[in-house]
Amino acid sequence: MRIFAASTVMPISSSPIAHGGILVENGRIRDVGPVERLRSDYDAPVTDFPQCVIMPGLVNAHTHLELTHFPSWKLRKDLDYSPRTYVDWVIQVIKIKRSLQPEELELSLKEGLRKSLESGTVASADILTDRRLLPIYDETPTKNIVFLEAIGQEPALCAELKEKLKVVIRSGHTRFGISPHAPHTLSPSFFREIKELATSFSLPIMTHLSESSEEASFMHDSTGRIAELLYPHIHWEAYLPKPQRTTSTAYLDSLGVLDQSTIAVHCVHVTPADGEILKKRGVNVVICPRSNDRLTVGKAPLNLFKKLDIPMAIGTDSLASNDSLSLWDEMRFILNEFPGVFRHDELLAMATLGGAKVLGIDEEFGSLEQGKRADFLVLEVENSMVEKNLHRLIIEEARIDQVYISGNHVN
């Protein structure tokens, strides 16, 4: 047993504790409270962090860590140009990924895991395309829910991919989810089959939803750059659908794939009617504002989601469309770009317990509570006893001093 004490302990699930501490035993939190009480109740050594805050590790609810080296790949593959639109960017990503060797992806994923931990992320939802990289997750102390990506239109290839997914999931290698990429990159039948597969294994689904206006145009009348450029680039001309006069959300709802196990990412071009569908079906939403800004696809209607009380978490997306894997950067960006929408304490909750709830891992992560894994951050914060401004100070000025996972110092 060991007590970790600080000027303030911030459990997230309850009010900050001045002169607080957490008692850790066998990698889990046994007690949380004022440090003097913990000293009195338990015969355990104390590690004290004066002028610091102890809080839960962060939960990144959406990323693609295998793309961490994307900025350098662009240079080395001589494909370093600035895409003009979302579709241009997708085509750039496709071109670069086609030229990569397995060892390049391996190094990239390892670097992504390292950068994530360095920024205080202890759990993440990571989209994985190359399943040969799965053993790498066993080398990191962090918790990673690996969402196996599915993309396809051709019936034979879709069937083959589904069988491969079954084999990987049955391996019990790690905790899985499935990620049908987007409404416009899977055939209707394949999307349904993926949903059935996820249901049969009790797995969550994570999909990119209404990320761009180009997607909105395509879902409405099958026109625009997705039809004119993306489909021909990947030889999908034969699978161009007839005009559907719908939205991505309504379309997925018609397929029966939206429910409480569905996690919708981005949701930039979501209408009020779409929002009502997401709320009715119990869908969780992950926002990635910096990625949306980088790709100039617009801003998600966060006020709408908040008004409808739709559960929200925060993701960084990948370094193919972002500058860092830091949720701190993401929170600061949200404060600047969406003034008045969230309080500082709400953002901290979204980046910790909110992310854990969306990913279904809140019994272990996201807050400092009895029985949970002892994954926590030690932050240096000036005036860390000023409770009135503490949440703001943490987001805007704090520096990570140490990261603990299962009660062990790892960074």
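Residues numbered from 1 in each chain as written. Predicted model: local features only at pLDDT ≥ 70, side-chain atom pairs only at ≥ 80, totals over all residues. Heavy atoms only, no water.

## Notes on the overall build of the chain
Defined as follows: A run of H or I in DSSP counts as a helix once it spans at least four residues, and a run of E counts as a strand once it spans at least two, with each numbered from the N terminus. In this treatment the radius of gyration is a C-alpha quantity, and the globule benchmark scales as 2.2 Å times the residue count to the 0.38 power. Classification of residues uses two cut-offs on accessible area relative to the type maximum, computed with a 1.4 Å probe and protein chains only: under 20% is buried, over 50% is exposed, and between them is partly exposed. The criterion used for residue contact is that any of the two residues' heavy atoms lie within 4.5 Å.
From N to C terminus, the chain includes 15 helices and 15 strands. Relative to the compact-globule value of 22 Å for 411 residues, the chain shows a C-alpha radius of gyration of 22 Å, a close match. Judged by the C-alpha coordinates and their principal axes, the chain covers about 70 × 45 × 40 Å. The buried share of the chain, taken over its 411 residues, is 58%. Considering only contacts within the chain whose residues lie at least 6 apart along the sequence, 72% involve residues at least 24 apart.

## Considerations on the sheet that holds strand 2 (residues 17-25)
The line we're drawing: Pairs of strands are assigned from DSSP output, requiring at least two bridges between the strands.
Strand order across the open sheet formed by seven strands is 3-2-1-4-13-14-15, with mixed pairing between neighbours. With partners counted over all chains shown, the strands left at the sheet margins are strand 3 (28-34) and strand 15 (408-409), one partner each. Of the pairings in the sheet, the one linking strand 13 (residues 376-380) to strand 14 (residues 399-405) comprises five bridges and is antiparallel in character. Within strand 14, the residue paired with valine 378 across the bridge is glutamine 402.

## Let's talk about helix 8 (residues 225-233)
We count it as follows: To obtain the arc, one takes the directions from the helix axis to the C-beta atoms.
When we look at burial in helix 8, the residues that qualify are Ile226, Ala227, Leu230 and Tyr231. Projected down its long axis, helix 8 carries its buried residues within an arc of 110°, all on one side. Buried positions along helix 8 lie against helix 3 (86-98) and helix 7 (213-221). A positive phi of about 60° marks histidine 235, the residue just after helix 8.

## Notes on the layout of surface pockets
This is how it is decided: Here a cavity denotes grid points, spaced 1 Å and computed from the protein atoms alone, that fit a 1.4 Å probe unable to get out, and a pocket denotes an open set having protein on both sides within 12 Å along at least 5 of 7 lines; residues with an atom within 4 Å of a point are the lining. Grid points are joined across faces, edges and corners, and a volume is the space filled by probe spheres set on the points. For this classification, the nonpolar set comprises Ala, Val, Leu, Ile, Met, Phe, Trp, Tyr, Cys and Pro, the charged set comprises Asp, Glu, Lys and Arg, and every other residue, Gly included, is treated as polar.
Each pocket or cavity is described by its volume, and for the largest pocket that value is around 1,300 Å³. When residues of the lining of the largest pocket are traced back to their parent elements, those giving at least two are helix 3, helix 4 (102-118), strand 7 (143-150), helix 5 (155-170) and helix 8. Take the lining of the largest pocket: its biggest share by element is eight residues, from helix 3. Across the lining of the largest pocket, the residue classes break down as 19 nonpolar, 10 polar and 12 charged. Lining the second largest pocket are 22 residues, and of these Met312, Glu346, Ala349, Met350 and Gly354 sit closest to its centre. Elements with a contribution of two residues or more to the lining of the second largest pocket: helix 12 (302-307) and helix 14 (344-359). Looking at which element gives the most residues to the lining of the second largest pocket, the answer is helix 14, with eight residues. For the lining of the second largest pocket, the per-class residue count stands at 12 nonpolar, four polar and six charged.

## Points about the environment of isoleucine 91
Checked against the element boundaries, isoleucine 91 lands in helix 3. Through-space distance from the C-alpha of isoleucine 91 to that of leucine 229 is 8.6 Å; in sequence the pair is 138 residues apart. Excluding residues that lie within four positions of it along the chain, isoleucine 91 makes contacts with Leu229, Leu230 and His233.

## With respect to the environment of threonine 63
Here threonine 63 shows up in strand 5 (residues 58-63). Overall, threonine 63 belongs to the buried group, its relative accessible area being 0%. A C-alpha to C-alpha distance of 24 Å links threonine 63 and histidine 409, two positions 346 residues apart in sequence. Once residues within four sequence positions are removed from consideration, threonine 63 is found in contact with Ser124, Ala125, Asp126, Ile127, Thr316, Asp317, Ser318 and Leu325.

## Some remarks on the side chain of glutamate 330
Relative to the elements of secondary structure, glutamate 330 occurs in helix 13 (residues 327-337). Given the relative accessible area of 0%, glutamate 330 is considered buried. With residues up to four places along the chain from it excluded, the contact list for glutamate 330 reads Cys288, Pro289, Arg290, Ser291, Ile314, Gly315, Thr316 and Asn322.

## A short note on the pairing of strand 13
Among the five residues that make up strand 13, four are buried, leaving the element largely enclosed by the rest of the structure. Looking at chain direction, strand 4 (residues 46-56) and strand 13 are connected through five bridges and run antiparallel. Within strand 13, the position partnered with methionine 55 by the bridge is leucine 377.

## Things to note about the nonpolar core
Test applied: Remark: nonpolar core denotes a set of buried residues (Ala, Val, Leu, Ile, Met, Phe, Trp, Tyr, Cys) joined through side-chain atoms within 4.5 Å.
Membership of the largest hydrophobic core comes to 124 residues, with the highest contact counts inside it found for Trp328 and Ile394. In this view, isoleucine 394 contacts Met10, Val53, Met55, Trp328, Leu348, Leu379 and Val381; residues no more than four positions away in its chain are not counted. Core analysis: the next-biggest nonpolar cluster, separate from the first, contains 16 residues, Ile17, Cys52, Val378 and Tyr404 among them.

## Some thoughts on the packing of aromatic side chains
What describes a pair of aromatic rings is the distance from one ring centre to the other and the angle between the planes of the rings. In plain terms, the rule: Each Phe, Tyr or Trp ring, with Trp reduced to its six-membered ring, pairs with another whose centre is within 6.5 Å; inter-plane angles below 30 degrees give stacked pairs, above 60 give edge-to-face pairs, and intermediate values give tilted ones. As a reminder, the over-ring test applies to NZ of lysine and CZ of arginine, requiring each to be within 6 Å of the ring centre and within 35 degrees of the ring normal.
This structure, assessed with the given rule, holds seven aromatic pairs. With a centroid separation of 6.4 Å and an interplanar angle of 70°, the aromatic rings of phenylalanine 49 and tyrosine 404 are classed as edge-to-face. Pair noted here: phenylalanine 49 is in strand 4 and tyrosine 404 is in strand 14, with a separation of 355 residues, a long-range link. Accessibility expressed as a relative area gives 7% for tyrosine 404, which makes it buried. An aromatic cluster is defined as three or more aromatic residues linked by ring pairs; in this entry it consists of Phe4, Phe49, Phe376 and Tyr404. Looking at lysine 299, its charged tip hangs above the ring of phenylalanine 338, at a distance of 5.4 Å from the centre.

## Topic: the packing of helix 3 against helix 8
Stated formally: Simply put, an axis is a line fit to the C-alpha atoms, just over the touching stretch for a helix, and the angle between two N-to-C directions goes from 0 to 180 degrees. Comment on the angle field: the value is read as roughly parallel under 35 degrees, roughly antiparallel over 145, roughly perpendicular from 65 to 115, and oblique elsewhere.
Closest axis-to-axis distance for the helix 3/helix 8 pair is 10 Å, and the angle between their directions is 5°. With respect to each other, helix 3 and helix 8 are oriented roughly parallel. Residues Val87, Asp88, Val90, Ile91, Ile94, Lys95 and Arg98 of helix 3 form the contact with helix 8, whose own contacting residues are Arg225, Ile226, Leu229, Leu230 and His233. Of the residues assigned to the contact of helix 3 with helix 8, the class counts are seven nonpolar, one polar and four charged.

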